[in-house]
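Breakdown of the fold
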Amino acid sequence: MNQAAKKLLGEHDFRNLCKMDVGNGVIKYWRNISTAQIVCLDSGQDGYQFCELTVVGKAFLWHQIRCIVAVLLLIGQGKEKPTVIDDLLDVTKNPRKPQYAMASELPLILYECEYEDIDWIYDQVWHEENVKHFQRLWTEQTVRATMLKRMLDHLDNAAVRRSSDSNEAGVLWKDVRPPIMHQVECLIPGNKPRVYRPLLERDMCESLDDRIEHFAKRRKLDGSGSKRKHGKHLDSNQEAAST
């Protein structure tokens, strides 16, 4: 995943790694990313290890990070190769974005903004209150997470039957099959097909040119429609005035 993340560095056209917002006038999708790094935050195992992706750039596109994370997770699961990032950034070769679900917004946070020649100064009183507030949140979420992990550990040591035979001795769940690692599934919403279909073999979205043409036509129709209504309004006023 880190190998793939490094391919994001520099200035690229990210139209295949965001949600195009042509309707609001966004038609330029070049952005510059200076940092894209994944680090492990703890030593958990069997899907319970936390990793953090940090992305630094001067500006981001609509849902850019969620789309990047979705593709990186597919790479981490072995469903895609790191080179798929190169393919998605090559808009000459691939001008249309493959259809794929964005990653969940749950772990996404904009946590720092930097400005040239500006240093943040923290008021001591408010800073203390912020620390206390986040400590309370940490305690609440950690207690819940610890309780859930203890429940999962208990389920791993539960004796289960593998058939309908009531005389069969139970076998510990953790010995029945390899560990289930379903934790990441909730981070990519949507239906999961039984057979995975590679990104570049999927149905494609409209190209940027098609989206621009679509909205240009719609604005033209909306503009002519407004003009006709306005014309009727003027005619009725003129008629009333002449009467």
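Residues numbered from 1 in each chain as written. Predicted model: local features only at pLDDT ≥ 70, side-chain atom pairs only at ≥ 80, totals over all residues. Heavy atoms only, no water.

Our next topic: the overall build of the protein chain. Each helix and strand counted, the protein chain has six helices and five strands in total. Mapped from its N terminus to its C terminus, the protein chain presents α and β elements in the order α-β-β-β-α-α-α-β-β-α-α. Against the globule reference of 18 Å for 243 residues, the protein chain gives a C-alpha radius of gyration of 26 Å, more extended than a compact globule. Overall size of the protein chain, expressed as C-alpha extent along the three principal axes, is 95 × 60 × 45 Å. (Helix = DSSP H or I, 4+ residues; strand = E, 2+ residues; numbered from the N terminus. Rg over C-alpha atoms; globule rule 2.2 N^0.38 Å.)

Take the sheet that holds strand S3 (residues 51-57) next. Sheet strands pair via backbone hydrogen bonds, and the direction of the pair is either parallel or antiparallel. Pairing within the open sheet is antiparallel, and its three strands lie in the order S1-S2-S3. Whereas interior strands pair on both sides, the edge strands pair on one side only; in this sheet they are strand S1 (10-13) and S3. Here the strands of the sheet are splayed against their neighbours by 45° on average, with no regard to which way each runs. Bridge count between S1 and strand S2 (residues 30-40): four bridges; the pairing is antiparallel. Note that in S2 the partner of Gly 10 across the bridge is Ile 33. (Pairing = 2+ DSSP bridges. Axes fitted to C-alpha atoms, helices over the stretch in contact; angles between N-to-C directions.)

In this section: a nonpolar patch on the surface. Among the surface-exposed residues, Tyr 115, Ile 118, Trp 120 and Tyr 122 lie close enough to one another that they form a single nonpolar patch of about 530 Å² accessible area. With respect to the helices, strands and loops of the structure, Tyr 115 is situated in the loop between helix H3 (84-89) and helix H4 (124-156). (Patch = residues over 30% accessible without salt bridge, like charges linked within 9 Å, V, L, I, M, F, W, Y side chains within 5 Å. Areas by Shrake-Rupley, 256 points an atom, 1.4 Å probe, with all protein chains shown as cover. Salt bridge = Lys/Arg side-chain N within 4 Å of Asp/Glu carboxyl O.)

This next bit is on H4. Between its terminal C-alpha atoms H4 stretches 47 Å, which fits the 48 Å expected from 33 residues at 1.5 Å a residue. The distance from a side-chain oxygen at the start of H4 to the backbone nitrogen of Val 125 is 3.1 Å, and the residue carrying that oxygen is Asp 123. (Expected span 1.5 Å × (residues − 1). Polar contact = N/O pair within 3.5 Å; in protein donor to acceptor, adjacent residues only side chain to side chain.)

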